[in-house]
Structure formats: C-alpha cells, structure tokens
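Topology and contacts: notes
Read off the chains here:
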Amino acid sequence: MSLYKSAVGRPVTTMLVFVAVAILGLFSWSRLPVDLLPEIETNAIMVMTTYRGASAADIETNVTRPLENILNGVSDLKHVSSSSKENISIITLEFEYGIDIDVATNDVRDKLDMVVSALPDEADTPIIFKFGTDDIPIMLLSVSAKESMAGLYKILDDNVATPLARVKGVGTVSISGIPEREIQVYCDPLKLEAYGLTIEGIAQVIAAENRNVPAGSFDIGSESYSLRVQKEFTAADEMLGLVVGSADGAPVYLRDVATVTDTREERAQEVYTNREVGGMIMIQKQSGANSVEIARKVEEMLPKIEKNLPSDIKIGTIVNTSDNILNTIDSLTETISITFAVVMLVVFVFLGRWRATFVVVLTIPISLLSALIYLLVSGNTLNIISMSALSIAIGMVVDNAIVVLENITTHIERGSRPKQAAVFATNEVAISVIASTLTTVAVFLPLTMITGMAGILFKQLGWMVTIILTVSTVAAITLTPMLCSQMLRLDAKSSRLHRIIFTPIERALDALNNGYARLLGWGYRHRAVVVTGAVVLFLGVVMGVGRMLKTEYFPTQDNARISITVKLPAGTRQEITRDLALRINDTLTAHYPEIKVINFSEGQADTDNALSSMQDNGTYLISFNISLVSVEERDRGLTVIGDLMRKDLDKFPEIRTYQVVEGGMSGGTGGQSVVDIEIYGYDLASTDRLAADVAARMSQVEGCTQVNISRDEYAPEYQVDFDREKLARSGLNVSTAASYLRNRINGSVASYYREDGDEYDIRVRYARRFRESVEDIENITIYNGRGDGIKVKDLGRVVETFTPPTIERKDRERIITVSCVVGHDAAMSDILAEAGKVMEQVEIPSGVTWQFGGTFEDQQETFADLFTLMALIVILVFIIMAAQFESFTYPFVIMFSIPFALVGVILGLVATGTPMGVMALLGILMLVGIVVNNGIVLVDYTNLCRERGMGVREAVVTAGRSRLRPVLMTTLTTVIGMIPLAIDKGEGSEMWRSMGLTVACGLSFSTLVTLVLVPILYSLMADFGERRKARRAERAARKALSV
Amino acid sequence: MKAIFISFNQALYDQIIDLMDELGIRGFTCWETVTGRGSSTGEPHYGTHAWPTLNSAILTFVDETVAPLFLDRLKQMDEASQMQGLKAFCWGGVTDPF
C-alpha cells in the first residue's frame, strides 16, 4: 500500500525517478556499440604440426593420430576433427559453447607437452591457434590502378595498409592480388652449359657482388675516418655487367647468359573487381573489437588516404560487413517504431481518451530505456537479439498499466477523487498485476540459464525482457497511478469528433460482449460438444497438419552477400582459369542486375603470403565475392539468386565442382542451411565410392541445390623418380639433385635488392620458355662434385602421378562429408528426410558408418535444450498460478490454453510455409508465459463472481462479459506488437520473422479457443467441486442426524 | 452536542475532511480501515478478493446547529456517488466533559 500511496503523494519524486531512468537510458543508447549478434566467444582451438616431407598418410599415422588420442582427453570437448595433408597436420578441437577458452588452451598445451616426445624427430613442435568468428574479414577493399600498377604493392603497403593497421581494433590488413616486385634473372640453360656455368654459381656471384661492407676506421693526421665498401646494386641493370665466369680467357658477363628484369613475382593471385584487374585489401579485426566502429573509422580515413595516393589509384569497397549490421539494426529500429505506433493506436481505440492513452503508452519508453541501461552496464551491444527483445516487449509492457488504469477509471467513475481512486484502485489490482508479470518472467528468466549456442543467443533476451517487464510493473504501480491522479478527470464532456469516432466502436464492442456472453451460455449448455470439439481440433491439427510442418535451424539471413568457389580440374593453367573466371563474371553480371560489386581472385598465392596460404588457393581455383544491393531494393531473395547462380554455373562444362555460399558463410546462425552426411570409414577408396554414390543421388533430390564432397580428388603432378644407383654412380645424392631441380624451376633467391629501405628478392632461374615441358625437365643438367654435367633423364624418369587428397578425420575416425545445401524452396527437414531415404537405398560397405552432422547436429542440440527449457517453464508457470489461486484445479484448467497456442503455431507456420527453427521455438516458449495470462484474468474474475455469491453458470457468463474487453485489449497489443516483426521484409528480418509469426498466430488462436474452452472447463471443474461439497455436507448432516 | 458516526468508502476521506473544514468542524476520530456492509443496498467493503474495497470510519461530535447541515451535505455526497457507499449516524444529548 505504502508504495503507491507515496508515489501518488509525491508526484515530483515519482516523476523525476522515471525521468532519471529515461535519461540514463538515452545516455546508454548513445553509447551502445552496434553489432550483429551478441558476442560469441570462440570455441575452437587449432593445433598445427608440420612434418616436412611426409605424405598425407604418414602424417595421419605418425602425427595426427597420436595427437588426437591424447587431445581427446581435454575436458568439455565436443569434437576433434583433423586434416592431414602433405607436410602438415591440422587438428581442430571444438568445445562446448560458453566454456573459458583460455582454460581449454592451457589444458591443450599440457596435453601436447605429454605427447611431443612421441612424435617423429623431424616433426616441428605443434603450434596452437585460437580462432573464432573474429577471424572473418570485416572489410574487403578493391584497388584499381593504371600507371601505378608496377609499384602498386609498395604504394599500398606504405600508404594504405600501414595507416589502416593503426586504426584501433584492426587486427591485420593484408594485400592480395598485387604481385610483389621481384628482380628476375632469367638464364638460358644452353648458354650456361656452353660456358660451364650453373644457376647456383650465378646466384653466388650475385650474392657476393651485392654487398655493402664496413671496413673499419683509420686515422689520417688528426682526423679519424671510417672506411666502407658500398657496392650494393642501385639499379637492376647493374647486374648485367657482372662477370660470372670466363671462357677462353675472356670474361663472361651475366648479360651473355641471362636477362635481368625488374618486374614482379611470376606466380600471384589475380584479383578482378567489377571486371577490372586490381588488388584487394582485406581488413580483419582484433578479437572482441567492434566491426561497425572499425568500419566507420576506416571509411573516415579512406578519403584522407586516397588524397596521398597517385591519382590513378582508386579504392572501392567490395564487402563491408558493417553495412549489413547497420541496415539490420535500422530495420529493427523501424520495426520498433511501427510497433510502438500500432500499440498506441490499439490502446487509444480501446480506451478512447488521449490522456489515458498517454499514461499507458508512457510506460513503453521508460521500460525499454531501462533495458538499455542494463546493456551498457553489462558491456553488451545493440544487436539483433537485444533489439528483438525491445520489440517483443512493447506489446507486453502496456498490459499492466492498462489493468491499473482501467481500475482507476472505474473508481473515478464511481465518484472517487482521482488521487484517492489512484491509490485504492492500484492496491486492488497490484497482486494480480505482479502475478501475471511473474508468469511471463518465468519464461524469460530461465532463458538466461541455458547453455550452448542457444544460451549465448538468448541470455540477453532473457535478461532484457525480465528487466523490461519488472520495470514496467513497477511503473504500472507507481508512475501510472501518479499520472492518473494528476491527469484523469471525471468529465462526461466529449467532443463531437470523439463521439463520431467512438460511438460506433463502443457499440461494436458492446455487441461483441453480448455475443460472447451468449456464446458462453450456449457453450455451458453444450459442454460435451465444446470439449470434444476442442480435443478433435487439437488432435486433428497436431496429427494432420503437424506432419506438414518443416524444420530448420536458423533461417538463412539475406545479408546481400554471396561467395562462390569454383574448382577446375586440378592443375588447370592460370590463363585458362582466368578466362573462365571472366566468362562466369560476365554471365553473372548479365543475369543479375542486383549485383553491386563482383570480385574474384584466381591463381596461386605466393608462399610468403601467410594469409593466402591458409586459404585454399591454386591455379585451378576461382573465388568470387559478390555484394548485392540491399534486400529492400530487390525482388529476388538471396537464396533464390543463389539457386539461379548454381543453374548458371551448371552450364559451364569445364567446371569440376563449385560451391555457392549464400550469406558468405555456411551453417551457424543465419548462414546457409546445410545437411551434412558424414561417412566414417578407414578405406579411402570405398568411402570415396560411397560418397560419390550418395552425392549423385542427393543431387537428384528436389530442393537440394548443391552437393559437395569434402574429400578432394587426387591432384595430378609430375614426379622425378631418381634412380639411386645412377645417382650414386655419378657422385650425387637425392638432396643435391632435388635442389638443382628446385633452383631451376622455382628459382634461387640469390640476394636482396634494396631500395628506399625495402628489400626485393633477386631470383635466378631458367627463363620461362625453358621450363614448359617434360622434356625441359629431363634436359636439366646436374653437376656433380667433379664438375661433370649429367642430364636428369640419365638419372631417373619423369613420371606423371596423382597426389592423394587431404585425409580428414572427425572424432578419431576418417571421415568424408557429403554436404547438401538446402535450396530456397525447401526446408532442412525435407532434405534430411530425403537423405535418410538415400542412405537406406545405398549399399554401405562393411566397416563404414554414417550419421548426419552440420546444421542438423546444431539444430538437434539447440532443440533439445529448448524443449528441456519448455518443460521447466511449464512447471514454473504452473507453480506461480497455483500459488496465486491457492488451488491445483484452476491452473490446470488455464494450462489448456497452451496446447491451443501450439495448434495456432502449427497452422500459422504451415499456412505460410515457414519452417520451424530455433526462433520459432523461442516464440513457442514465450507463448507459454503469455497465453496463460488470458486464462488467469478470466478464472480470477470468475472466482470473484462466485465469491460474490453467483452460481457457477452465472459467474462464468458474467466474468466472460466483463473481462472480454481487457483480454482482447492486452492480447491485441501483444499480437499487433508482433505483426511488424512477422511481416518485416527489411535486411536481417528472416531472423525474427518466424518468431513474430509464431507468437502472433499462437496467441490469437489460443485466445479465441481460451475464451470459450477455459470458462467451460472451469464450469465443469467447479460444478464437480460444488457437487462434491454438497455430498459432503449431506453426509455430515446425515451423520449429525444419526448422532 | 451531537455525535455523528460516518462509515464510508476510503476513497471519500478527502472529500469528508474538506467538508468538515468548510463547516468548521475541527475535532474528529478516524479509523482508517474498517470493514462492513450497508444495511440495504450497495457492495460490501471487506478488503477481500471478492470485495476489495475498504471503509474508513469517522466519529465526530458537532454542535447541534451544525449537525443537520453536515448530515445534509453528507447525504448529498452519498447521492452524488451512490456506488461508493457512505452512511452517517447521529445521536444527540452528548455533553462535553470539559
């Protein structure tokens, strides 16, 4: 009592407390960083071990397996997967979400220490990497140049990459697509042989000549001087005059046997942006830094940077992940504003008075802003989840204020003064307001306790809605009565306009009340019909329509990005790859006017480029990065375009495989939806065959637009098979011979050419035209210690072979994964069902097992978590209601609204063809807490009527008639609050659309059923109770009589 | 002096105090929360789930000349808002002990 009394009695204090909350909220809003999702800490650790010279199979047996066996004992480990390829073993440890990765890293390090001694001597010490979503580049910039192309790498490195790397939060800035400067010394093997020279000899001469040597200091008279030899090359041409040998007493100059060009490295990735060749700058952020903030700073810096660059260099944006984040948040902000306006309108229509509407609607901004304070204090961001929480809450926060305001109005209408009415009316309803808030909080608070991926996503949602509802309840019992006492008047005067608008509304609502009362009367007379009808409806929908319900994990988010990887047959020449890439580029640009930027890179990255060598690259690989215009500006969705692109790619016969990834990533939250069929088995050949068979069958399945097999094909290569005996006879060994080959083909880095503080490789090798055929290799001359030249063909054979692919393992078994991408017109459950059938049809060799993985596994885990949570929530809600009514029967009756919410959800999802994913399931969880509120209101009032002396039937009908309006009003504000979410078409809206739809459909359907079914079930229970009471009384009376 | 006992819906408290001030009635005793129900019509005031409203009661001793006016005004107040519930009882011949 004291709380509302002091609130009403001290309007200034009350007002200012809430003003303070609002101001703090606004402050938080201005300070909150923006991000796409709540921060997801990395849950993977990579262990990389190199073992030079070992084949994939050797690596697997000697490095990967011992490491896997010991690492398997690390706690909280979910999966161990590994890939063993030539020279290197990479083991990825996937942990449960939400664990402390630093602790896990230490654990891994300890385990590694135990096993290192058991590894082969040649193997390097395993290196540990942590990686997560932060490693995904946040910005890709394109660079185009004309005249400056030659020195572009240096210009970009000095003027763009270095300043950008200084931006706070930027991790690495890497340049690709621009070959680095290199001095090439191209030798003619025929001339070398004629003069008896070797590549090695020339390299030595160059290294010996290209020197600056300090020679000490010496004194002349009273002065001391230092002495230097300064003979480093100042121009590449200088080298031509080097004496590299002598023939017949005359010096042989380098120009006699070689050409020297100051040019670029031979093999490099080429990058085309919008069909123009150029470079690409990739910006990655530091772990934990805010993408939007970094992108903003980078964008601010770019014009300044561009000013310092030669005028022909243009920098453009290929991908800016922050665009999508900002657009998503903008579209959510818009949704929230619409929701706010719509809820306000509903409240106004029902209340019919501006002042009352103002009082009620004021609770919305105050409670929402209070949640923003929480976000800032807890170090969170404005993201999809936190913004959705705001949107969800809008429709719910007004409910309490409405109940309070209604009761105050009633008191005023009875003749109380507003001030007194405010206090006493609030006192009357406070308990039921708190109880109905508790049932909703019972849903959201447990959300903060779940673990795993769902836990990370829904923790914020849980806290925010809990806080919002708590603040709204506090506001409803303090601020609302205070404002009512100040603003509400008992005035019968209403304007003409008001009468014109509201008389029909009033009439309609009254008619609705009467109709509903009649319906209840009829229902009471035909209780059996009503109950049977409800049961039939429930079973019919769940058994019948429920089968048509499709499931998924998260919907693919339309972030306007598509990435495509195209593989030609392994070993295809770069020129052919480039030509195909350009043709694909042209086809895509012609077919998709939605494309904003199209960028591709092809070719082998230099081994020095650490970043590029981590990614898959090769002369036969093309990777496209495509940015589309925002989803609001186009008709075709991301997945539709993706599917059409696949059809286009099918038309290129030279493509071996391709992978179109919508959204730029596969799996996870908002990525492409993929069904992985994991085939486990040791024998490479039989699992290969099975995978190929499965893939062929799956590609026939409708709705499955792309099938990829994880194990790559055997790549062709040439091997020089030296004959050891011949080598020995010539006084050679394998390493000497091999180094001769390497120096001629790959080249020998003789020395470094220095200019302006930078070093460039001076590479000595055969001129290009002397290393273009098998014969050229065979004709390479190798010199032994005696100086005899022997041809490679005399020492061994050059043979064509195939290198076995990378061996992948998961949970300590060899694995091959067939990934089936779910098309735009199918759901994950469709593909799963088909995949299940396919796996039944195919013959599975002995020793081979299979299971579903990928998105399906994540879905199963999250669904299991959420179902457990649902059971918990149902129990909590029951406990709260039982406590409120001090009864077991009434909560039980009210609980019947939950299955009908499910019926509404099934109908809504099936009708709109929306699959049920995590977000829809979250909607169902919320429904559990929301739908019971209507039942609580009805049952509470019916109880009250009976306590006032009415019979069961009369009480049911009276309560129904009297409570219809508040029930409809609170339901409508919630349902209508969800509709903007459900029908939003903005960027990122896929994420919350199914949740909005679920709550809107479930709540409306459940309310319609609840309005009839709950009173009828109540009357059945109550009649039964009355009869039992009567019988007891009769028995007691008889007993008394007999005594 | 006349004794006047008023039992009324809590919400009318301010109005009654205002009225007493207007009529120059200074002394009174008030029980802030009492329960009860009217003799013939009106809702009970029990402060329970079914009947959540509560009454207050005021006992005041007024001058014989003021009493009729006071009772009259109270009656008017009751009639203005029948739903609230207000009842006044009056008995005479009370002597002032001081």
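The structure presented is a predicted model; accordingly, all values stated were derived computationally and were not measured.

Conventions adopted
- Residues numbered from 1 in each chain as written.
- Chains lettered and ligands numbered in written order.
- Predicted model: local features only at pLDDT ≥ 70, side-chain atom pairs only at ≥ 80, totals over all residues.
- Helix = DSSP H or I, 4+ residues; strand = E, 2+ residues; numbered from the N terminus.
- Buried ≥ 20, exposed ≤ 12 C-beta atoms within 10 Å, placed from the backbone.
- Contact = placed C-beta atoms within 7 Å.
- Pairing = 2+ DSSP bridges.
- Axes fitted to C-alpha atoms, helices over the stretch in contact; angles between N-to-C directions.
- Nonpolar A, V, L, I, M, F, W, Y, C, P; charged D, E, K, R; others polar.
- Expected span 1.5 Å × (residues − 1).
- Core = buried A, V, L, I, M, F, W, Y, C linked by C-beta atoms within 7 Å.
- pLDDT = per-residue confidence, 0-100.
- Parallel < 35°, antiparallel > 145°, perpendicular 65-115°, else oblique.
- Left-handed = near helix turned anticlockwise from the far one by under 90°.

Here we take up the overall build of chain B. Counting its secondary structure elements, chain B contains two helices and four strands. Across chain B, helices and strands are ordered from the amino to the carboxyl terminus as β-α-β-β-α-β. Each principal axis of the C-alpha atoms in chain B carries an extent, and together these give about 45 × 25 × 25 Å. Across the 98 residues of chain B, 28% fall into the buried class. Excluding contacts between residues fewer than 6 apart, the proportion of contacts in chain B whose partners are at least 24 apart in sequence is 73%.

Now for the overall build of chain A. What chain A contains, in helices and strands, is 32 helices and 30 strands. C-alpha atoms of chain A, sized along the principal axes, occupy 140 × 80 × 55 Å.

Glancing now at the sheet that holds strand E4 (residues 86-91) of chain B. Strand pairs in the sheet, formed through backbone hydrogen bonds, run parallel or antiparallel to each other. Residue and element names in this part refer to chain B. Taking strand neighbours across the sheet as the criterion, the four strands line up as E2-E3-E1-E4 in an open arrangement whose pairing is antiparallel. Of all strands in the sheet, those bounded by a partner on one side alone are strand E2 (29-34) and E4. Averaged over all neighbouring strand pairs, the angle between strand axes comes to 15°, with direction disregarded. Pairing of strand E1 (residues 2-9) with E4, which is carried by six bridges, proceeds in the antiparallel orientation. Along E4, the bridge assignment pairs Ile-4 with Cys-90. The strands touched by helix H2 (residues 66-80) are E1, strand E3 (55-62) and E4; relative to E4, the strand with the most contacts, the crossing angle is about 165°.

Glancing now at the interface of chain B and chain A. The interface is formed by 13 residues belonging to chain B together with 13 residues belonging to chain A. The dominant element in the side of chain B that touches chain A, judged by the number of residues it contributes, is helix H1 (residues 13-22) of chain B, at three residues. Split into classes, the residues belonging to the side of chain B that touches chain A amount to six nonpolar, six polar and one charged.

All names here are of chain A. Taken in spatial order, the four strands of this open sheet run E12-E7-E24-E23, and their pairing is mixed. The sheet is open, and its two borders are formed by strand E12 (258-264) and strand E23 (748-755), each paired with just one other strand. For this sheet, the mean inter-axis angle between neighbouring strands, taken without regard to orientation, is 25°. In terms of strand pairing, E23 meets strand E24 (residues 758-766) through seven bridges, oriented antiparallel. Note that in E24 the partner of Tyr-752 across the bridge is Asp-761.

Further remarks concern helix H29 (residues 897-912) of chain A. Residue and element names in this part refer to chain A. With 16 residues, H29 extends 23 Å between its outermost C-alpha atoms, agreeing within 8% with the 22 Å of an ideal straight helix rising 1.5 Å per residue. Tucked into the core, H29 has its buried residues touching helix H18 (527-544), helix H28 (889-895), helix H30 (918-947) and helix H32 (990-1042). Positive backbone phi, approximately 70°, marks Gly-913, located one or two places after H29.

This part takes up the nonpolar core. Residues and elements named next belong to chain A. With 252 residues, the main nonpolar core has Leu-156, Ile-281, Ala-393, Ile-468, Val-675, Cys-820 and Leu-925 as its most contacted residues. Among the elements that make up this core, the one with the highest residue count is H30 (19 residues). Judged by nonpolar contacts, the second largest core, of 25 residues, contains Leu-192, Ile-202, Phe-233 and Val-260.

As a further point, take the confidence of the model for chain B. Here chain B shows a mean pLDDT of 88. Residues at 70 or above account for 98%. On the interface metric, ipTM, the complex scores 0.83, and its pTM is 0.82.

To continue, consider the packing of helix H13 (residues 384-414) of chain A against helix H31 (residues 952-983) of chain A. All names here are of chain A. Two elements in contact, H13 and H31, have axes whose closest approach is 8 Å; the angle formed by their N-to-C orientations is 160°. Comparing the axis directions of H13 and H31 gives the class roughly antiparallel. As for the relative orientation of H13 and H31, their crossing is right-handed in sense. Contact with H13, carried on its side by Ser-391, Ile-394, Gly-395, Met-396, Val-398, Asp-399, Ile-402, Val-403 and Glu-406, involves Pro-966, Met-969, Thr-970, Thr-973, Thr-974, Ile-976, Gly-977, Met-978 and Leu-981 of H31 and no other residues of that element. By residue class, the composition of the contact of H13 with H31 is 10 nonpolar, six polar and two charged.

All names here are of chain A. In this sheet, strand E17 (residues 595-603) lies alongside strand E13 (residues 270-273) in antiparallel orientation, the contact comprising four bridges. Bridge assignment links Tyr-272 to a residue of E17, and that residue is Phe-600. In terms of strand pairing, E17 meets strand E18 (residues 618-628) through eight bridges, oriented antiparallel. Paired with Ile-595 across the two strands is Leu-628, which belongs to E18.

Residue and element names in this part refer to chain A. Here H30 crosses H32 at 25°, and the two axes come no closer than 8 Å. On the basis of their axis angle, the class for H30 and H32 is roughly parallel. Considering how the two elements wind past one another, H30 and H32 form a crossing that is right-handed. Split by residue class, the contact of H30 with H32 holds 18 nonpolar, 10 polar and no charged.

Further remarks concern the environment of Arg-561 of chain A. All names here are of chain A. Inspection of the secondary structure assignment puts Arg-561 in strand E16 (residues 561-567). Arg-561 gets classed as buried once you count the C-beta atoms within 10 Å, which come to 21. Each C-alpha atom of the pair Arg-561 and Leu-512 lies 50 Å from the other, and the pair is 49 residues apart in sequence.

With that settled, the discussion passes to the environment of Ala-67 of chain B. Note on placement: Ala-67 of chain B falls in helix H2. Apart from residues no more than four positions distant in its own chain, Ala-67 of chain B is found in contact with Lys-2, Ile-4, Val-62 and Cys-90 of chain B.

Regular strands place their side chains on alternate faces of the sheet. With eight bridges connecting them, E1 of chain B and E3 of chain B associate as antiparallel partners. Paired with Ala-3 of chain B across the bridge in E3 of chain B is Phe-61 of chain B.

Residues and elements named next belong to chain A. Looking at the secondary structure, you find Ile-898 in helix H29. Linking Ile-898 and Val-928, residues 30 residues apart in sequence, is a C-alpha distance of 5.9 Å. Apart from residues lying up to four places away in sequence, Ile-898 is in contact with Val-928 and Val-931.

Residues and elements named next belong to chain A. For Asn-274, which is not glycine, the phi torsion reads 45° and is therefore positive. As for its position among the elements, Asn-274 is in the loop between E13 and strand E14 (276-285). Note on Asn-274: 16 C-beta atoms within 10 Å, which makes it partly exposed. Although it is not a glycine, Arg-812 adopts a positive phi angle of roughly 65°.

Our focus in this paragraph is the confidence of the model for chain A. All names here are of chain A. On average, residues of chain A score 86 in pLDDT, and 97% of them reach the 70 mark or higher. Within chain A, helix H2 (residues 11-31) carries the highest mean pLDDT (94), whereas helix H20 (residues 610-614) carries the lowest (46). This model gives residues 607-613 a pLDDT under 50, and the stretch forms eight contacts once residues within four places in sequence are excluded.

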